[in-house]
Amino acid sequence: MKDLLIVEDDPEMQEFYRDMLKGEQFSVTYASDGEEGLKEMKGKKYDLVILDILMENITGDRLFALLRKDKHYKEVPVIMASSLDKQTYQCFQALGKVSFLEKPFTKEMLITEINKYL
Amino acid sequence: MFTYNKDTFLNINKIIFSSLDIREVYQTMSNELSKIIDFDRLTITLITEDNNLYEAFVVQSKTREDTYIKEGDLYPMKDSLMEKVVQSRKPVIVDDTAKSQFATDVFLFKEGIRSRLGFPLVYKGCIMKHQKLFHIDEKKYPIEFKERIIGSINFGSRQKQHYSKKHVDFVSKIAPQLAMAIENTRLFNRIKDAEEKYRNVVESSPDIIFECTSDGKFFLINPSVEKILGYSVHYFYDAGGSILSLCHTDDQGQVLREILQLLHGEKDSLMDFEFRVVHKKGNIVWLSLEAIPIKQDNKIIGIEGFCRDITDRKKLDELKNSLIRDVTHELKTPVAKMEMAIDMYRRSFAIESESAGEKELHLYNLLQNNVSRLKNIIRNVLDISRLESGVERLNISDFTFVELVDQVIHELNPIAIQKGNTITHQIPATIILKADREKMYYLLVNLVGNAIKFTSHGRIEISFMITPYGFEVSVKDTGKGLNEEAIKHAFDKFYKETPSIPGSGIGLAISKNIVELHNGCIWAESGGKGKGAKFTFRLPTCHLMKQST
């Protein structure tokens, strides 16, 4: 089973993820902010990371930049989920294996995005 | 005593016309006059406009200093010598004030005046029906020649029965000139007053008032310019300073274009044209310009108008816009979550399956519709605040216009058909635009979408026209039409004719912004309620590529 890490500081959003991923063949771990997410990733290598962008202490885009510098996470696919416009984060495309999911999204949209990589 | 002397007579005439204000030469004139006619008192009295009063225009008394009739004061016409003179238009002689029927004579008798001669002053000349200070158009304001009695010249003597026909004869020789000089004086004073009023208005105006030639040389600019921009009027008069060179570099092109359009007669006026100017101290000042061309013999020789300092308003606007932007932005997350919750609700209760209850489906649709409406409003508000903030730049590319129009029609046709409407266009296939395609798409979707919204079982027509001022695209429908009020406010943010109309009321405001970003203009026309509407935007030809072959 593939390991997914979802870094999302909004408990309600976490609830949506739980509902959408219910019954799917993934093992999902949740981190409630950037720092916690970073800690999680140091301890274990996940197959895919979903990042919220607007979070306190470490924002998603900053976290993403840190991941791409880490030798273990250089190639790990990342999905950035945010209510910000996609084009705002277009510049990250260059760092590879990243896609953007604009909130709100449906279960189908989320699954399609994940299946692109796994 | 009466001595007629031709030289004295000519001299009097010369004196009368030697000054624009008869009062300035009155003393000299009366000295000359006394060489011919003996008098102890000389007055000129003038009728007021309503004919009920007269003004003691000038008074000269040798008998008393504190004379009853005082210069500059108004007196009732009733029972005065003047009344008789004015009514009869003939000279009136009072031989003995002690026995006179005129009310004024009682007082003059006390001052030692025993006999009098009142002579009518009749003005023979042109009278303008409407007096306007500047630019008198003779076709509009006909000049009339007529005789008009304006007052009288009155002599008084200490002796009884002093005045006779020979005095009358002589006065009749100078009276017409005197009347003309008095009218000139009055006209001169009116012009002086008006000029002073005009100057006061200009000098004290908080706005910059200006007149300049077509090559930008100022022949009028008021002191407000120093308060607003920090440069004194001399900078503009003598140093040849121009407002254009003070403009913010980003706005210079647009300012120049607008002014050239005025000078070339492509526009009749500039209204509320906003641009930025750099103050002498370096800070940005926002000005709103209203201007019209100055014409001479049907040729435009310059422009005149005023500039208002709207910096404070702009700051407030920006504050308001950023507040709207931030609040709207904050709404995005909860609305996104609501939408996701609705989706979760749909899946959890299998709303779309046959087992779901009718009520659940109804509630689901209601939530869904309203959330998507809310989302639309949020997107539109963010769109317009981005457009208004000026950060939005055009992404110009070349594209075949008819393809864009076809795409719009293809997209909107299903809704149009639902309402029984047909959409047609007459766009030549050769037209290639050089514009922001995405924005043009939005603009057309908005205009055609609106036409569909307000039309049922009718026609919607998209047309294209090249005019001397650019090219025009119109969307015309046979729908509900607009009243005058709606035409005026159609492009205002959040304007809706009635609150029940669906939509955020912001689409046309965004459309206007898009057109203005392309340096164009947009307007609405309608024959009135029920007579359809036509929305047209015009863009300069720089957005039109040479027609492809």
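Parameters at a glance
- Residues numbered from 1 in each chain as written.
- Chains lettered and ligands numbered in written order.
- Predicted model: local features only at pLDDT ≥ 70, side-chain atom pairs only at ≥ 80, totals over all residues.
- Helix = DSSP H or I, 4+ residues; strand = E, 2+ residues; numbered from the N terminus.
- Buried ≥ 20, exposed ≤ 12 C-beta atoms within 10 Å, placed from the backbone.
- Contact = placed C-beta atoms within 7 Å.
- Pairing = 2+ DSSP bridges.
- Axes fitted to C-alpha atoms, helices over the stretch in contact; angles between N-to-C directions.
- Expected span 1.5 Å × (residues − 1).
- Bend = angle between axes of the 7 residues up to and from the residue.
- Nonpolar A, V, L, I, M, F, W, Y, C, P; charged D, E, K, R; others polar.
- Core = buried A, V, L, I, M, F, W, Y, C linked by C-beta atoms within 7 Å.
- Parallel < 35°, antiparallel > 145°, perpendicular 65-115°, else oblique.
- Left-handed = near helix turned anticlockwise from the far one by under 90°.
- pLDDT = per-residue confidence, 0-100.

Any chance you could break down the overall build of chain A for me, citing the residues and the numbers?
If you tally the helices and strands in chain A, you get four helices and five strands. Reading chain A from its N end, one meets helices and strands in the order β-α-β-α-β-α-β-β-α. In chain A, which comprises 118 residues, the share counted as buried stands at 30%. At a minimum sequence separation of 6, the contacts of chain A that also span at least 24 residues come to 57%.

Explain the overall build of chain B residue by residue, including any values.
Helix and strand content of chain B: 15 helices and 18 strands. With 549 residues in all, chain B has 28% of them scored as buried. Pairs at least 24 apart in sequence give 61% of the contacts found in chain B among residues at least 6 apart.

Talk me through the sheet that holds strand S10 (residues 284-296) of chain B; I want residue IDs and the actual numbers.
Residues and elements named next belong to chain B. Read from one edge of the open sheet, five strands run S8-S7-S11-S10-S9, paired in antiparallel fashion. Of all the strands in the sheet, the pair left with one neighbour each is strand S8 (218-221) and strand S9 (270-278). Taken over all neighbouring pairs, the strand axes of this sheet differ in orientation by 25° on average, direction set aside. In terms of strand pairing, strand S7 (residues 208-213) meets strand S11 (residues 299-309) through six bridges, oriented antiparallel. Directly across from Thr 213, in S11, lies its bridge partner Gly 302. Its contacts with the sheet put helix H9 (residues 249-263) on S9, S10 and S11, and the angle it makes with S9 is roughly 145°.

Can you tell me about helix H12 (residues 401-418) of chain B, naming the residues and giving the values?
Residue and element names in this part refer to chain B. An ideal rise of 1.5 Å per residue puts 26 Å on 18 residues; H12 measures up with 26 Å between its terminal C-alpha atoms. Along its length, H12 shows its largest kink, about 50°, at Leu 412, and proline Pro 414 lies within four residues downstream of that point. When we look at burial in H12, the residues that qualify are Phe 401, Val 405, Val 408 and Ala 416. Elements that come into contact with the buried residues of H12 comprise strand S12 (396-400), strand S13 (422-425), strand S14 (432-436), helix H13 (437-453) and strand S15 (459-467). Phi turns positive one or two residues past the end of H12, at Gly 420, with a value near 75°.

Talk me through the interface of chain B and chain A; I want residue IDs and the actual numbers.
Taken together, the contact between chain B and chain A spans nine residues of the former and nine residues of the latter. The class makeup of the residues in the side of chain B that touches chain A is three nonpolar, one polar and five charged.

So, the nonpolar core: which residues are in play, and what are the values?
Counting residues in each nonpolar core, the largest one holds 65 residues, and the members touching the most others are Leu 51 and Met 80 of chain A together with Val 448 of chain B. Not counting the four nearest positions on each side in its chain, Val 448 of chain B is found in contact with Val 408, Leu 412, Ile 423, Ile 460, Ile 462 and Val 475 of chain B.

A description of the pairing of strand S1 (residues 41-47) of chain B should follow, citing residues and the corresponding values.
Residues and elements named next belong to chain B. Counted residue by residue, S1 has seven buried out of seven residues, so it is predominantly covered. Along S1, one buried face is formed by Arg 41, Thr 43, Thr 45 and Ile 47 and the opposite face, lined by Leu 42, Ile 44 and Leu 46, is buried too. Examined bridge by bridge, S1 and strand S2 (residues 53-61) share seven bridges and lie antiparallel to one another. Opposite Leu 42, over in S2, you have Gln 60 as the bridge partner.

Now, about the packing of helix H11 (residues 358-389) of chain B against helix H15 (residues 507-517) of chain B: what can you tell me, with residues and values included?
Residue and element names in this part refer to chain B. Direction vectors running N to C along H11 and H15 enclose 30°, while the axes themselves pass 10 Å from each other. Viewed along their axes, H11 and H15 adopt a mutual orientation that is roughly parallel. Here H11 and H15 pass one another in a crossing that is left-handed. Within the contact between the two elements, H11 uses Asn 380, Asp 383, Ile 384, Leu 387 and Glu 388 and H15 uses Gly 507, Ala 509, Ile 510 and Asn 513. A per-class count over the contact of H11 with H15 returns four nonpolar, three polar and two charged.

How would you summarise the confidence of the model for chain B if you had to cite specific residues and measurements?
A low pLDDT means the predicted coordinates there should not be read in detail. All names here are of chain B. Looking at chain B as a whole, the pLDDT averages 86, with 94% of positions reaching at least 70. Low pLDDT (under 50) marks residues 129-136, which in the prediction has seven contacts with non-local residues, meaning those over four places away or in another chain. With pTM at 0.57, the complex prediction returns an ipTM value of 0.82.

How would you explain the environment of Arg 308 of chain B if you had to name every residue and give the values?
All names here are of chain B. Here Arg 308 shows up in strand S11. Separated by 22 residues in sequence, Arg 308 and Trp 286 have C-alpha atoms that sit 8.3 Å apart. Residue contacts for Arg 308: discarding those within four places in its chain leaves Asp 207, Leu 287 and Ser 288.

Residues and numbers for unusual backbone geometry, please.
In this structure, the amide linkage connecting Lys 103 of chain A to the following residue, Pro 104 of chain A, adopts the cis form with an omega of 0°. With respect to the secondary-structure elements, Pro 104 of chain A resides in the loop between strand S5 (98-102) and helix H4 (107-115). One non-glycine residue, Gln 161 of chain B, adopts positive backbone phi at about 45°. Mapped onto the secondary structure, Gln 161 of chain B falls in the loop between strand S6 (143-157) and helix H5 (165-204). We classify Gln 161 of chain B as exposed; it has 12 C-beta atoms within 10 Å. Of note, Asn 298 of chain B is a non-glycine position whose phi angle comes to about 65°, a positive value. Residue position: Asn 298 of chain B is located in the loop between S10 and S11. Of the residues examined, Asn 298 of chain B has 6 C-beta atoms within 10 Å and is grouped as exposed.

So, the sheet that holds S5 of chain A: which residues are in play, and what are the values?
Residue and element names in this part refer to chain A. Pairing is parallel in the open sheet, where five strands are placed in the order S2-S1-S3-S4-S5. Looking at strand neighbours, the two that pair on one side only are strand S2 (26-31) and S5, the edges of this open sheet. The sheet shows a mean angle of 20° between the axes of neighbouring strands, direction not considered. As judged from the six bridges shared by strand S1 (residues 2-7) and S2, these two strands associate in the parallel manner. In the strand pairing of S2, Asp 3 is matched with Ser 27.

Would you mind going over helix H10 (residues 311-348) of chain B in detail, with residue names and values included?
When the terminal C-alpha atoms of H10 of chain B are compared, their 55 Å separation across 38 residues agrees well with the 56 Å that a helix rising 1.5 Å per residue should span. Burial in H10 of chain B covers these residues: Val 335, Ala 336, Glu 339, Met 340 and Asp 343 of chain B. Of the surrounding secondary structure, the elements contacted by the buried residues of H10 of chain B are helix H1 (11-21) of chain A together with H11 of chain B. Of the residues trailing H10 of chain B, Ala 350 of chain B is marked for its positive phi of about 45°.

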